[in-house]
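# Chains, contacts and geometry: an overview
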Amino acid sequence: MKENNSFISFENTKSGIILDESKHDKYPLVYRNVLTNYENQKDVSSYIYIYQGKFNLITKDRPKYTLVDGMYCSVSGQFKLEAQPNSKAIIIEVYHNKGEYPKTKFKSYFTIGGQVEERGRLKYIDGCTDSLLISPVKLGDPCLNHLHFPTGIDQTQHTHPSHRIGIVARGNGECITPFGNLPLIQGMIFVIKEWDGKTYAKGLDGKEYPIGQHAFKTEDSTMDVIAFHPDSDFGATDEEHPMIKRTIVDGKSAKFIDEIRTK
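Quick summary incoming for the structure in this document. Please read these numbers as outputs of a predicted model, since none were measured by experiment.

Ranked by internal contacts, the top residues of the largest apolar core, which has 28 residues, are Tyr31 and Tyr49. Discounting chain neighbours no more than four positions away, the residues touching Tyr49 are Gly70, Met71, Tyr72, Lys88, Ala89, Ile90, Val116, Ile167, Ala169 and Ile226. Among the nonpolar cores identified, the runner-up in size contains 16 residues, and Cys128, Leu147, Val168 and Leu184 belong to it.

What follows is the structure, given as C-alpha cells:
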C-alpha cells in the first residue's frame, strides 16, 4: 500500500477487505479485492467489476451469469461469485440502513453490463471522457463510472466531496498531488480521499492544500479507470422523472398537476 494526503493505492495480490468505511457517517461501505469464490450474506448493495479472468454470478431465482474481464454488475442482497483460475474482481458493498442511504430507501437494481467501451460517451474535463455505467436509482444514490484518458492528458488539479473508489482498468498514467506523485498502472486498486471543504495539509512545497487534491496525467499511453462514487447530485426524484414529466393532461405535464400525482 502507498498513501499520501490525497491518494491511496493498494496491491491486488490478496483477497479480502482493502478499505473498511462501514462506520462512515454519510457513506458507509466496504471495498474488497476478490481472487477466489465469494459469498455475500449482508443487507448491502454490491457493485462488482471484473478486471481479470472470469466469474460466475449466482443469485436467487435468476440464471447463472458469466462475467468476464471488463464487465460489471450491481446486486442487492445475497449472491455468490464462483471464480475461475487466475480471476480477479473488486466489490464495493454499500450499506442500505446507515448514513445517508435510508433517506432514499436506497437499494441497487440488479444490473449487468459491459464490456467497458474504448472511450467515454460524455465529455469530462481537460480532454477526458466518461460514461455512467450504473446510474443512481434516485437523486443522491451511488453510481459507477468509466473514465477514459487519451494520451498526453494533464488534468487540472481538483478535489471531490466524497471518496472516489476504483481501479485502473487499462493502460497507465500518474496521479499528481501536492503531497507527492504516485504511478497508476493497470490493475491498481485505489481510493482518492474526500475533501470535507475545510481540512488542509502541508504539501511538499510547504504550502497548505486541500486533502484529496489531485490530477491524473498520461503521456504515451491511454488510461481507463473504473470509479465508484458513493453519492451523486444527479438522478430522478418523485417530481423530476421522465414518466411524470411526459404524461400530458390537457396540454399540461402531470408534474404540475398536484391533485393527480401519487402521494
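Another point: the layout of surface pockets. As a volume, the largest pocket reaches approximately 530 Å³. Considering the residues around the largest pocket, the lining is formed by 24 residues, among which Tyr124, Asn145, His160, Arg164 and His229 are closest to the centre. Sorting the residues of the lining of the largest pocket by element identifies β14 (129-134), β15 (143-149), β18 (189-192) and β22 (223-229) as the ones contributing at least two each. In terms of residue count, β15 provides more of the lining of the largest pocket than any other element does, 4 residues in total. For the lining of the largest pocket, a count of residues per class yields 12 nonpolar, 8 polar and 4 charged. The space that makes up the second largest pocket amounts to roughly 190 Å³. Looking at the second largest pocket, the residues that line it are Met1, Lys2, Ser9, Phe10, Glu11, Asn12, Ile185, Gln186, Gly187 and Met188. Residue composition of the lining of the second largest pocket, by class: 4 nonpolar, 4 polar and 2 charged.

Now for the sheet that holds strand β10 (residues 79-83). Sheet architecture is open: 4 strands sit in the order β5-β10-β7-β8, paired in antiparallel fashion. Lying at the two open borders of the sheet, with one neighbouring strand each, are β5 (38-40) and β8 (65-68). Adjacent strand axes in the sheet meet at a mean angle of 20° when their direction is disregarded.

Now for unusual backbone geometry. With an omega of 10°, the peptide bond running from Gly114 to Gln115 counts as cis. If you trace the backbone, Gln115 turns up in the loop between β12 (111-113) and β13 (122-123). Positive phi, normally seen in glycine, also occurs at Asp61, with a value near 65°. Mapped onto the elements, Asp61 comes out in the loop between β7 (54-58) and β8. Note on Asp61: relative accessible area 75%, which makes it exposed.

All chains considered together, the criterion is met by 11 aromatic pairs. A ring pair is formed by Phe7 and Phe190, whose centres lie 5.5 Å apart and whose planes are at 20°; its orientation type is stacked. Here Phe7, found in strand β2 (residues 7-10), pairs with Phe190, found in strand β18; they are 183 residues apart in sequence, far enough to count as distant. Just as Phe7 is buried, Phe190 falls in that class too. Seen from their ring centres, Tyr47 and Phe228 are 5.0 Å apart, and the 55° between their planes marks the pair as tilted. Placement of Tyr47 in strand β6 (residues 44-52) and of Phe228 in strand β22 is noted, with a sequence separation of 181 residues between them. Exposure remark for Phe228: the relative accessible area of 0% places this residue in the buried category. One aromatic cluster is present, built from ring pairs that chain together Phe7, Phe149, Phe190 and Phe216. Positioned above the aromatic ring of Phe110 is the side chain of Arg62, whose terminal nitrogen or guanidinium carbon lies 3.8 Å from the ring centre. Above the face of the Tyr95 ring, Lys98 is positioned so that its terminal group lies 4.4 Å from the ring centre.

The rules we used
Residues numbered from 1 in each chain as written. Predicted model: local features only at pLDDT ≥ 70, side-chain atom pairs only at ≥ 80, totals over all residues. Heavy atoms only, no water. Core = buried A, V, L, I, M, F, W, Y, C linked by side-chain atoms within 4.5 Å. Buried < 20%, exposed > 50% of the residue type's maximum accessible area, 1.4 Å probe, protein only. Contact = heavy atoms within 4.5 Å. 1 Å grid on protein atoms, 1.4 Å probe; cavity = no way out; pocket = protein on both sides within 12 Å on 5 of 7 lines; lining within 4 Å. Points joined across faces, edges and corners; volume = space filled by probe spheres on them. Helix = DSSP H or I, 4+ residues; strand = E, 2+ residues; numbered from the N terminus. Nonpolar A, V, L, I, M, F, W, Y, C, P; charged D, E, K, R; others polar. Pairing = 2+ DSSP bridges. Axes fitted to C-alpha atoms, helices over the stretch in contact; angles between N-to-C directions. Phe/Tyr/Trp six-rings, centres within 6.5 Å; stacked < 30°, edge-to-face > 60°. Lys NZ or Arg CZ within 6 Å of the ring centre and 35° of its normal.

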